[in-house]
Amino acid sequence: MSIALASSSTSNSAHQEPLRVMVVDDSVVIRGLISRWIAAEPDMVVAASLRTGLDAVNQIERVNPDVAVLDIEMPELDGISALPQLLAKKRNLIIIMASTLTRRNAEISFKALSLGAADYIPKPESTREAAAADIFHHDLIQKIRSLGAKVRRTAPASPATGHPPTSPTLAPALERSREPVPRPPQAAVAQPPLTRRPFSSQAPRALLIGSSTGGPQALMTLVAEIGAVIDRFPVLITQHMPPTFTTILAEHLARASHRPAHEAVDGEIVKAGTIYLAPGGRHMRVVRRGTDVAIALDDGPPVNFCKPAVDPLFSSAIDIWQGGILAVVLTGMGSDGMRGGKEIVAAGGSVIAQDEATSVVWGMPGAAANAGICSAILPLNQIAPKLVRVFSGDRS
């Protein structure tokens, strides 16, 4: 993977102040590494490099960052304790939690999302491993840029500082995902209306879902309201997420849906009544095993810089269910799911995308919507009722 891709877009940097990024980590090596990466980008600058959460809380008003990369395990004040204090001082601060791949830290990262963190990123076990460091570099810069661009577009700048004003309150991340996200100015000029296709006349036989940034919150909201669909049809989900994190996400999905949910196992038979989640670090596909449908996991290279990726799941399902597929593309960076969605539509199936206003990042669903392959482009709270109606026979 080429790290150069992380700096291929400057998100309107030509006429905007650079994003101010605060790096908070007790490891001098990690702080230095992240700070060098940020300093190398033309559209962002290191506003501060701090050792503890307490330093961050004490200095946030002076530093006035747009984005904070916040470690979980730190002395004096850890990341999960610093998080609400930072947001109390600056409501629209974008916080990206950084943690190692342990079960404890995965649980804390999920808690951080519910407390208002915008996203999380797993730190590699060792920065000496080139491939792991490359992925961390690429993903971190993309997250800073995409999430930082959103806060820049939604928050008015302070005349005195040129930066968004602070505020003492913050809605959780799920509430923030419902705020409007205007397109950048050049995209808003002469923007053609989004094309919507009729829903397939074929009855859907499986529900496939793809998501990334903002996806865990969106998924838990969605599965809590589609019990009638889960009971009668297979539900397969690919969420861009590393190992251990997917284990925790599956447990959260099971609690939210009150249905069985687990990381998919290679070779297991796919049945209605269960949610199958692609495990971190493996692509999930479906294959025919005699008269049954089975899970096939593979350790191939990343697709669309992601592993697991949505496109392999979407594409493989066509051989199984042909036009009987209903796919949903939820919030996330990039365009993963768009190519697979095109293939689903060409085979006679249907695609629904989450709308821009309720997406944390309108990358994946926006790519599907702009490709003209969607039968509906809906706010998150309208997707579940639509799915229930479509799977019940209403394909209007």
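Residues numbered from 1 in each chain as written. Predicted model: local features only at pLDDT ≥ 70, side-chain atom pairs only at ≥ 80, totals over all residues. Heavy atoms only, no water.

When you go through the protein chain residue by residue, the secondary structure sums to 14 helices and 14 strands. In the protein chain, which comprises 396 residues, the share counted as buried stands at 56%. Considering only intrachain contacts with a sequence separation of at least 6, the fraction spanning at least 24 residues in the protein chain is 76%. (Helix = DSSP H or I, 4+ residues; strand = E, 2+ residues; numbered from the N terminus. Buried < 20%, exposed > 50% of the residue type's maximum accessible area, 1.4 Å probe, protein only. Contact = heavy atoms within 4.5 Å.)

Turning our eyes to something else, we now look at the nonpolar core. Counting residues in each nonpolar core, the largest one holds 63 residues, and the members touching the most others are L86 and L387. Among all residues touching L387, those that are not within four sequence positions of it are L207, L222, I226, V229, L326, V328 and I352. (Core = buried A, V, L, I, M, F, W, Y, C linked by side-chain atoms within 4.5 Å.)

Following the criterion strictly, the structure yields 13 salt bridges and no others. Its salt-bridge partner being K89, residue E61 comes within 4.0 Å of it at the nearest N-O pair. Residue E61 is found in helix α2 (residues 53–63), and its partner K89 is found in helix α3 (residues 79–89); the two are separated by 28 residues along the sequence. Taking relative accessible area as the criterion, K89 reaches 27% and is therefore assigned partly exposed. Taken together, the shared-partner salt bridges connect D25, D71 and K123 into one network. (Salt bridge = Lys/Arg side-chain N within 4 Å of Asp/Glu carboxyl O.)

Let us look at the packing of aromatic side chains. Within the structure shown, the criterion is met by 4 aromatic pairs. Between Y120 and F245, the aromatic rings sit 5.1 Å apart at their centres with planes inclined by 20°, giving stacked as the arrangement. Here Y120 is found in strand β5 (residues 119–122), whereas its partner F245 is found in helix α10 (residues 245–257), with 125 residues between them in sequence. When the centroid spacing of 4.7 Å and the interplanar angle of 50° are considered together, the rings of F233 and F391 count as tilted. Placement of F233 in the loop between α9 (227–232) and β7 (235–239) and of F391 in helix α14 (residues 380–391) is noted, with a sequence separation of 158 residues between them. Neither residue differs from the other here; F233 and F391 are each classed as buried. One aromatic cluster is present, formed by F110, Y120 and F245 through successive ring pairs. Above the plane of the ring of Y120 lies K143, whose end atom (NZ or CZ) is 5.6 Å from the centre. (Phe/Tyr/Trp six-rings, centres within 6.5 Å; stacked < 30°, edge-to-face > 60°. Lys NZ or Arg CZ within 6 Å of the ring centre and 35° of its normal.)

Let's shift gears to the pairing of strand β12 (residues 325–329). Of all the 5 residues making up β12, 5 are buried; the element is thus mostly covered by neighbouring parts of the structure. Residues of β12 alternate between two faces, with I325, A327 and V329 on one and L326 and V328 on the opposite face, all of them buried. Judged from the 5 bridges that link them, strand β6 (residues 206–211) and β12 form a sheet pairing that is parallel. Within β12, the position partnered with I209 by the bridge is V328. Pairing geometry for β12 and strand β13 (residues 350–354), over 4 bridges, is parallel. When the bridges of β13 are listed, A327 appears paired with V351. (Pairing = 2+ DSSP bridges.)

We now examine the packing of α3 against helix α4 (residues 103–115). It is the contact of α3 with α4, at a shortest axis distance of 10 Å, that shows an interaxial angle of 15°. Taken together, the axis directions place α3 and α4 in an arrangement best described as roughly parallel. In this structure, α3 crosses over α4, and the sense of that crossing is right-handed. Residue-level contacts link I80, L83 and L87 of α3 to I108, K111, A112 and L115 of α4. Here the contact of α3 with α4 is built from residues that sort into 6 nonpolar, no polar and 1 charged. (Axes fitted to C-alpha atoms, helices over the stretch in contact; angles between N-to-C directions. Parallel < 35°, antiparallel > 145°, perpendicular 65-115°, else oblique. Left-handed = near helix turned anticlockwise from the far one by under 90°. Nonpolar A, V, L, I, M, F, W, Y, C, P; charged D, E, K, R; others polar.)

Relative to the helices and strands, N64 resides in the loop between α2 and β3 (67–71). Taking relative accessible area as the criterion, N64 reaches 10% and is therefore assigned buried. A distance of 2.6 Å separates polar atoms of two side chains, one belonging to N64 and the other to K90. (Polar contact = N/O pair within 3.5 Å; in protein donor to acceptor, adjacent residues only side chain to side chain.)

Strand order in the open sheet formed by 5 strands is β2-β1-β3-β4-β5, with parallel pairing between adjacent strands. In this open sheet, the two edge strands, each paired with only one partner strand, are β2 (44–50) and β5. Strand-to-strand twist of the sheet, defined as the mean angle between neighbouring strand axes without regard to direction, takes the value 20°. Pairing of strand β4 (residues 94–99) with β5 involves 4 bridges; the strand directions are parallel. Counted as the bridge partner of A98 is I121 from β5. In this fold helix α1 (residues 28–39) packs onto β1 (19–24), β2 and β3, with an angle of close to 160° to the strand it touches most, β2.

Topologically, S114 is positioned in helix α4. Residue S114 is classed as partly exposed on the basis of its relative accessible area, which comes to 46%. For the pair formed by S114 and P216, sequence separation is 102 residues and the distance between their alpha carbons is 10.0 Å.

Function cannot be read off these values alone, since they describe shape.
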